[in-house]
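Next come the chains, spelled out residue by residue.
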Amino acid sequence: MKRFAALYDRLDGTTATNAKVAALVDYFSQAPAEDAAWAVSFLTGRRLKRLVNTRELREWTAEASGLGLWLIEESYEHVGDLAETMHLLLPPADSDDLSPGLAELVEQSIKPLRQLDDDARKQAIFRLWRQLGGTERFLLNKLLTGGFRVGVSKRLVTRALAEVAGVDSALMAHRLMGRWTPTARFYRQLLDSESDSDFEQSTPYPFYLASPLDEGPDALGNAADWQAEWKWDGIRAQIIRRGGQTWIWSRGEELMEGRFPEIEAAAEALPDGCVLDGEIMAWQNDRPLPFAVLQKRIGRKKPGPTTLKKAPLAFLAYDCLEWDGKDIREKPLQDRREALAEALAAAPGLLESGPVVFDHWDALPDLQAESRGRGVEGLMLKRLSSSYQVGRKRGDWWKWKVEPYTFDGVLIYAQPGHGRRSNLFTDYTFAVHDGEQLVPVAKAYSGLSQKEIDRLDRWIRNHTLERFGPVRSVEPTHVFELAFEGIAASPRHKSGIALRFPRIHRWREDLSIADADSLETLKALLEPGK
Amino acid sequence: MNEDLLTPDAGGLYCQAGDFWIDPLKPVPRAVITHAHADHARSGAGQYITARDGVPVLAHRVGQPEDLQALDYGEPIELGASRVTLFPAGHILGSATVRIEHDGQTWGVSGDFKRAPDPTCRGFEPFACDVWLSEVTFGLPVYRWPDTRQVMDDILDWWQGCIRDNRPAVLFCYALGKAQRILAELHGRIEAPVWLHGAMKPLTDCYREQGVAMLPARPVSEAPKGEKFGGSLVLAPPSAAGSPWIRRFPRHSSGFVSGWMRIRGNRRRRGYDRGFVLSDHADWPALINTVADMGAKRVITIHGNGEVLARHLHDQGLEAECWNLRQTLARPADNADSTPA
């Protein structure tokens, strides 16, 4: 654990990417395999199942520190990170000489917590708090509370591991996909210098991500070299058909087992050794249903017949990554499209997201303008000769989204953020006029500059009307332009509507609250009958 | 029941019995200044009263006042019907706490204070009082300071890492107090070039002239053209971060020295590589211990986040409340002109 804590301190002590990679390389080449395996797991964002609930942790922190629970809550509100709050409040450790390795700590001390009864669990955690000091205890608390973000991306971890193993980072990204357990054996396979290490059958390929197109598409060169597709607003997913089995992975690398039975059933018809990339959409009568319908399915692990009927889905395939058991990602898009057509011919229950035909760049803006009417987010532009790459690589795949909707809303509530926004009011609730009242319609966290955040934070502190726990209501004064991607009726919200992806476009200091939009204006955007 | 000896006014505190203000932010006829930081000392007062050690720094900050009375620590003076004595606050050079005695009551007022030792100024001296007005800049139990020695070791380690990599070590800290404290703490521990941002030079000279032993340091403006500052320590105020000035230090590593660095998010938000937890204010335990050391039965929290400390002290059986001195600024400036004679 000391070595892992030292790695953490090095990562945390620099904002330079190269220095972070160097720290990771040092760690991965020196740490025992069983510890390094867990480090890979945590640093790439995997979590342990929640072992202790946070209410208990707060109460135990109060007990161990001799402070009232309200002081723990006040401190948490200020610090914005429970693991760090606990760490700062707990009394110093007895002595941190006896520090277990990371794997030993996780396997011998942390994971067994689940089997313990409440009292024994508490005693075990108190023991750990006394045993581990400094960064080690902070990291322990991070593991206990689940989240583990330390300012390194999965991409950086992949880069460092590829360097240590002496393999291409695309291969390393592939090795890090899918199902694996952090064991010494797994770690040794990860560092295997041979490129054809065995993958588990369910392992997906790393997704290739498009970059936003900033200017018009005509800057991309010859239109004949490009293919356009509609950009679907659904769940990006990979369907794997191998060894008579089917797996569906989301882009978040979650296995969607049993969640989309109709798609799994349709995929059964695919031949073995076939992997498709596409989008899961709420779909009916050859067109998309609003995203809100898809939301009814997200999080349903075993949807019942009513849900299946109310929220019908389809898989729209647009790429084929493996055909006849061979990885064809290096082949050009047009060849992969041919494989895709063959695959879909075998599995007619899966749909094709085909090319949007256009002759000249001049035709595209009009097509793009049809997006809203078609229920899509815009267009994708893919170079016909492009291979299927790893991650977000600029150049061959572009997304050209339609302008978002906007409205002017009034700031009415604010709440402190977390992490780097802790101790600052950065989570805002915005309202629009509804007759004499202001009714909240959107929460937004992003879109302001640090300077604006600082200024707004000071203003909020000086203009608080009421406090409800961490939330403050403020004098309705400031108007902001908010952008959003879609709107749906929602009986769960007081306003009766739910906005998709609301974010702040700009602070409209030129507007007073009378200039803010009304609920009526927003509701007019609701499509009839939905 | 006795009337309060002090009331919030003009952004500071007004004492009617002595007809003077403590740390007013607006012009008043007579001001007792606890120390020269801008949120305590402003120009424009008719008369200034401050601790003798603090005169040069105060004069640098507000201009040489025509009517300035320098007091030795522990030397009482009569102001109106009250008796006023200054005690060392341990915050920065020449900082003071104020004891006011009138009509059988004794009130103690802190500007800012700390209890940790500081080679640049006299250490805090407690005195008995009935009512203690305590600053609460760091009024939550998460604020506990590590040993200064440990923090200085960490700073030295970081600097030496920069020397090894031949990079500038740019250390951000407040220009008055913290910069000089760091130079004094480093005195005798290392010999390597130190550079100062222009804003720190005159204040550092003030300290040197008063005999504070510090590491030698030159202003950046005197560096030869093309100097890369590799391995040098550069001290700069936080306002210089992100300014064009910082471009003079290519490949630098940045650190910030402040009590706020106790919280990780505070550091990450500002994008500093390293945060060093060293404060010129009292931490949570010191705030509470000081209440006990002053023997006060009633505590009034001022300057900062005092509500939590007030509630905590109240839970401990003390009379405690929180005063917001800034609120008096929002009101029209009535007292400054029409004070009762």
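Residues numbered from 1 in each chain as written. Chains lettered and ligands numbered in written order. Predicted model: local features only at pLDDT ≥ 70, side-chain atom pairs only at ≥ 80, totals over all residues. Heavy atoms only, no water.

1. Focus on the overall build of chain B
Phase 1: Each helix and strand counted, chain B has eight helices and 19 strands in total.
Phase 2: Scaling as 2.2 N^0.38, a compact globule of 341 residues should have a C-alpha radius of gyration of about 20 Å, and chain B matches this with 21 Å.
Phase 3: Taken along the three principal axes of its C-alpha coordinates, chain B extends 65 × 45 × 35 Å.
Phase 4: Taken over 341 residues, chain B has a buried fraction of 58%. (Helix = DSSP H or I, 4+ residues; strand = E, 2+ residues; numbered from the N terminus. Rg over C-alpha atoms; globule rule 2.2 N^0.38 Å. Buried < 20%, exposed > 50% of the residue type's maximum accessible area, 1.4 Å probe, protein only.)

2. Looking at a positive patch on the surface
All names here are of chain A.
Phase 1: Residues Lys-49, Lys-111, Arg-114 and Lys-301 make up a contiguous surface patch of positive charge.
Phase 2: Looking at where Lys-49 falls in the secondary structure, it is placed in the loop between helix H3 (33-43) and helix H4 (54-65).
Phase 3: For Lys-49, a relative accessible area of 64% gives the class exposed. (Patch = residues over 30% accessible without salt bridge, like charges linked within 9 Å, V, L, I, M, F, W, Y side chains within 5 Å. Areas by Shrake-Rupley, 256 points an atom, 1.4 Å probe, with all protein chains shown as cover. Salt bridge = Lys/Arg side-chain N within 4 Å of Asp/Glu carboxyl O. Lys, Arg positive; Asp, Glu negative; His and termini not counted. Charge placed at Lys NZ, Arg CZ, Asp CG, Glu CD.)

3. Things to note about the domain arrangement of chain B
Residues and elements named next belong to chain B.
Phase 1: For chain B, the assigned domains read domain 1 (6-142 + 281-330) and domain 2 (148-276).
Phase 2: In this complex, domain 1 contributes 18 residues to the contact, which on the side of domain 2 involves 17 residues.
Phase 3: Summed over both partners, the interface of domain 1 with domain 2 buries about 1500 Å², with 68% contributed by carbon and sulfur atoms.
Phase 4: Where domain 1 touches domain 2, the interface holds one salt bridge.
Phase 5: Note that Arg-181 is salt-bridged to Asp-118, the shortest N-O span being 3.9 Å.
Phase 6: Inspection of the domain 1/domain 2 interface yields four residue pairs in polar contact (both at pLDDT 80 or more).
Phase 7: Partitioning the side of domain 1 that touches domain 2 into residue classes produces ten nonpolar, four polar and four charged. (Domains from an automatic or database assignment. Contact = heavy atoms within 4.5 Å. Buried area = accessible area lost by both parts, 1.4 Å probe. Polar contact = N/O pair within 3.5 Å; in protein donor to acceptor, adjacent residues only side chain to side chain. Nonpolar A, V, L, I, M, F, W, Y, C, P; charged D, E, K, R; others polar.)

4. Focus on the nonpolar core
Phase 1: Leu24(A), Phe28(A) and Leu43(A) are the most contacted members of the largest nonpolar core, which totals 64 residues.
Phase 2: For this core, the leading source of residues is H3(A), giving eight residues.
Phase 3: Those residues in contact with Phe28(A) that lie beyond four places of it in its chain are Ala36(A), Ala39(A), Val40(A), Leu43(A), Val157(A), Ala160(A), Leu161(A), Val164(A), Tyr187(A) and Leu191(A).
Phase 4: The next biggest cluster of nonpolar side chains, apart from the first, holds 52 residues, and it includes Val277(B), Leu287(B), Leu318(B) and Ala320(B). (Core = buried A, V, L, I, M, F, W, Y, C linked by side-chain atoms within 4.5 Å.)

5. Topic: helix H2 (residues 17-30) of chain A
All names here are of chain A.
Phase 1: The first and last C-alpha atoms of H2 sit 20 Å apart over 14 residues, in line with the 20 Å expected at 1.5 Å per residue.
Phase 2: Restricting attention to buried positions, one finds in H2 the residues Lys-20, Val-21, Ala-23, Leu-24, Val-25, Tyr-27 and Phe-28.
Phase 3: Buried residues in H2 make contact with helix H1 (2-12), H3, helix H7 (102-110), helix H10 (154-165) and helix H12 (184-190). (Expected span 1.5 Å × (residues − 1).)

6. Focus: the side chain of Glu322(A)
All names here are of chain A.
Phase 1: Topologically, Glu-322 is positioned in strand S8 (residues 313-323).
Phase 2: Of the residues examined, Glu-322 reaches a relative accessible area of 6% and is grouped as buried.
Phase 3: Within polar-contact distance, the side chain of Glu-322 engages the side chain of Tyr-205 at 2.5 Å.
Phase 4: The contact partners of Glu-322, leaving out residues within four places of it in the chain, are Tyr-205, Arg-242, Gly-273, Cys-274, Val-275, Asp-327 and Ile-328.

7. Digging into the interface of chain A and chain B
Phase 1: Contacts between chain A and chain B engage 29 residues on the former and 24 residues on the latter.
Phase 2: Here chain A meets chain B over a buried area of about 2200 Å², counting both sides, of which 50% is carbon and sulfur.
Phase 3: For chain A, the biggest contributors to the area lost against chain B are Trp70(A), Leu88(A) and Arg420(A); these three give 30% of the whole.
Phase 4: On inspection of chain A and its partner chain B, the count reaches three salt bridges.
Phase 5: Counting across the interface, chain A meets chain B through ten residue pairs in polar contact (both at pLDDT 80 or more).

8. Overview of the domain arrangement of chain A
The extent of an interface is frequently quoted as the accessible surface area lost upon association of the parts.
Residue and element names in this part refer to chain A.
Phase 1: Looking at chain A, the domain boundaries give domain 1 (2-145), domain 2 (208-401) and domain 3 (405-523).
Phase 2: Taking only C-alpha atoms into account, the centre of domain 1 sits 35 Å from that of domain 3.
Phase 3: Our count for the domain 1 to domain 3 interface comes out at one salt bridge.
Phase 4: Put simply, Glu-77 and Arg-467 hold a salt bridge, and the shortest N to O gap is 3.8 Å.
Phase 5: Run the count over domain 1 and domain 3 and you get zero residue pairs in polar contact (both at pLDDT 80 or more).
Phase 6: Grouping the constituent residues of the side of domain 1 that touches domain 3 by class yields two nonpolar, two polar and two charged.

9. A short note on the packing of aromatic side chains
Phase 1: If you walk through the whole model with that rule in mind, you get 34 aromatic pairs over all chains.
Phase 2: Taking 5.5 Å as the distance between ring centres and 55 degrees as the angle between the ring planes, the aromatic pair formed by Trp158(B) and Phe276(B) counts as tilted. Here the residue Trp158(B) occupies a position in helix H2 (residues 148-164), and Phe276(B) occupies one in strand S17 (residues 274-276), the gap between them amounting to 118 residues. Residues Trp158(B) and Phe276(B) agree in their burial class; the two are buried.
Phase 3: Seen from the ring of Tyr405(A), Arg372(A) lies directly overhead, with NZ or CZ sitting 3.7 Å from the centre. (Phe/Tyr/Trp six-rings, centres within 6.5 Å; stacked < 30°, edge-to-face > 60°. Lys NZ or Arg CZ within 6 Å of the ring centre and 35° of its normal.)

10. Thoughts on the pattern of salt bridges
Phase 1: Applying the stated criterion across every chain, the model contains 51 salt bridges over all chains.
Phase 2: A salt bridge links Arg264(B) to Asp12(A); its shortest N-O distance comes to 3.1 Å. Highlighted residues: Arg264(B) in helix H5 (residues 264-270) and Asp12(A) in helix H1, drawn from two different chains. Take Arg264(B) and Asp12(A): they sit in the same class, and that class is buried.

11. Some words on the confidence of the model for chain A
Phase 1: Summing up the model confidence of chain A, the mean pLDDT is 91 and the portion of residues at 70 or higher is 98%.
Phase 2: Least confident of the elements in chain A is strand S17 (residues 464-468) of chain A, whose mean pLDDT is 85; most confident is S8(A), at 97. (pLDDT = per-residue confidence, 0-100.)

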